[in-house]
Amino acid sequence: MWGCGALLGARARSRLRCELFLAWDRGWSAAAPYSASAEPSRVRALVYGHHGDPAKVVELKNLELAAVGGSDVHVKMLAAPINPSDINMIQGNYGLLPKLPAVGGNEGVGQVVAVGGSVTGVKPGDWVIPASAGLGTWQTEAVFSEEALISIPSDLPLQSAATLSVNPCTAYRMLMDFEQLQPGDCVIQNASNSGVGQAVIQIAAALGLRTVNVVRDRPDLQKLTDRLKSLGAEHVLTEEELRKHEMKNFFKDMPPPRLALNCVGGKSSTELLRHLAPGGTMVTYGGMAKQPVIASVSQLIFKDLKLRGFWLSQWKKDHSPAQFKELIVTLCGLISRGQLTAPACSEVPLQDYQRALEASVQPFVSSKQILTMC
């Protein structure tokens, strides 16, 4: 399903609980800016003690909230999505694995409840997101170090804030870092209905770039096509259509792509390479097909195509925290101007995590699962 209409009642109740908490908390925190609760809080968290199938190894447990130290921040989590990288991390086949047992979740948004005496960058009432992966966002509240958090405007839509720090960042950096694209240039991508894919469409449109967006065939293809075009996609094609001989004529009416973004691998990535302009670049940031990227010798020699990879965690290691904050500020600006919205999503209460985990690994589910904590 595309929107969250089927969960409208649940979403309304969830949003109301969040709004009641936020209203109460703003009043409380104004009176006690450096206060930590004297009563131990009951923290509910999704924890896994060993790697495996998320539906089998993830459990909802009660944890004790750590004390707030001088450089710590007590955060009430509001919402946190389930991303493919979260699933891979739980399965144990990701490039970054936390020490076990671990709380799941690498992304989300929370509100500051209290801060330690030496904290200067955030204050109670602020909204914050993780500065890096592995923070453990699938919990109702937690105590984090100040350096592990980035403050964002609290007037952003909740879903946009919760999904800000992974997919949009990946999309923006891939569009900016590999080819010097100018307005009117073309970008081609597969997995175009993914969270990154939807962000690529919107950011590219804001930059004046044209996009060719490839998706798998499915029963609700027209609905998906309409959705992606409403985000700014110029063309939406299926994998089968991309393989047709007629595609040679397709690029007579628009410039051949200088940049290809690959999240699938296998035959899909080979087709992206086939349509790249000479000297163009294909950036691989995922491997949904679990098949290798295959490039012909002629493509490399006669077209001088470049094959690159992108991993946001590595980009953060290679850049300063200030540069990542600058990226977040840029994306917040796009959101505020209505040029970047959250992907299609379904909000699911934390206690219904099993349903959310199952939905997140189903094929053709174009709705990101977001765990709500209120």
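Reading guide: rules and limits
Residues numbered from 1 in each chain as written. Predicted model: local features only at pLDDT ≥ 70, side-chain atom pairs only at ≥ 80, totals over all residues. Heavy atoms only, no water. UniProt positions renumbered as here; feature names shortened; annotations may be inferred. Helix = DSSP H or I, 4+ residues; strand = E, 2+ residues; numbered from the N terminus. Buried < 20%, exposed > 50% of the residue type's maximum accessible area, 1.4 Å probe, protein only. Contact = heavy atoms within 4.5 Å. Patch = residues over 30% accessible without salt bridge, like charges linked within 9 Å, V, L, I, M, F, W, Y side chains within 5 Å. Areas by Shrake-Rupley, 256 points an atom, 1.4 Å probe, with all protein chains shown as cover. Salt bridge = Lys/Arg side-chain N within 4 Å of Asp/Glu carboxyl O. Disulfide = S-S within 2.5 Å. Pairing = 2+ DSSP bridges. Axes fitted to C-alpha atoms, helices over the stretch in contact; angles between N-to-C directions.

- The name recorded for the protein in an unreviewed UniProt entry is Enoyl-[acyl-carrier-protein] reductase, mitochondrial, from Neomonachus schauinslandi.
- Turning to the protein, the UniProt annotation filed under Sequence similarities (unreviewed entry) states: "Belongs to the zinc-containing alcohol dehydrogenase family. Quinone oxidoreductase subfamily."
- The record held by UniProt for the protein lists under Subcellular location (unreviewed entry) the comment "Mitochondrion".

## Quick look at the environment of Leu221
Step number 1: Tracing the sequence through the fold places Leu221 in helix H7 (residues 221-231).
Step number 2: Exposure remark for Leu221: the relative accessible area of 22% places this residue in the partly exposed category.
Step number 3: The spatial distance from the C-alpha of Leu221 to the C-alpha of Leu237 is 9.7 Å, given a sequence separation of 16 residues.
Step number 4: Not counting residues within four places of it along the chain, the set of residues in contact with Leu221 comprises Val215, Arg216 and Thr238.

## Looking at a nonpolar patch on the surface
Step number 1: On the surface, Val293, Val297, Leu300, Ile301, Phe302 and Leu307 cluster together into a nonpolar patch covering about 590 Å² of accessible area.
Step number 2: For the nonpolar patch, the element with the most residues is helix H11 (residues 297-302), which contributes four residues.
Step number 3: Of note, Ile301 is situated in helix H11.

## What about the state of the cysteines?
Step number 1: In the structure shown here, the tally under the stated rule is zero disulfides.
Step number 2: Just so you know, Cys332 is unpaired, no disulfide at all, and the nearest cysteine sulfur is the one on Cys169, 9.1 Å from it.

## Brief notes about the sheet that holds strand S12 (residues 259-262)
Step number 1: Across the sheet, six strands lie side by side as S11-S10-S9-S12-S13-S14; this open sheet has parallel pairing. On the outer flanks of this sheet lie strand S11 (235-238) and strand S14 (306-309), each paired with one strand and no other. Going across the sheet, the axis of each strand differs from the next one's by a mean of 20°, ignoring polarity.
Step number 2: Alignment of strand S10 (residues 210-215) against S11, held across four bridges, turns out to be parallel. Across the sheet, Val214 pairs through a bridge with Leu237, a residue of S11.
Step number 3: Lying on the sheet, H7 is in contact with S10 and S11; it crosses S11 at an angle near 150°.
Step number 4: On the sheet, helix H10 (residues 266-275) packs against strand S9 (186-189), S10, S12, strand S13 (281-284) and S14 and is oriented at approximately 175° with respect to S12.

## Things to note about H10
Step number 1: In terms of burial, H10 is largely enclosed, as seven of its ten residues are buried.
Step number 2: Taken together, the buried positions of H10 are Gly266, Ser268, Ser269, Glu271, Leu272, Leu273 and His275.

## Here we look at the pattern of salt bridges
Step number 1: One pass over the structure, following the stated rule, counts nine salt bridges.
Step number 2: For Glu59, the salt bridge identified is with Lys61, shortest N-O distance 3.7 Å.
Step number 3: We classify Lys61 as partly exposed; its relative accessible area is 38%.
Step number 4: When the shortest N-O distance is used, the salt bridge between Arg274 and Glu271 registers 2.7 Å.

## Notes on unusual backbone geometry
Step number 1: The omega angle of the peptide bond from Leu100 to Pro101 is -5°, so this bond is cis rather than trans.
Step number 2: Counting through the fold element by element, Pro101 comes out in the loop between helix H3 (84-91) and strand S4 (102-103).
Step number 3: Despite not being glycine, Asp304 has its phi angle at roughly 55°, a positive value.
Step number 4: Mapped onto the elements of the fold, Asp304 is located in the loop between H11 and S14.

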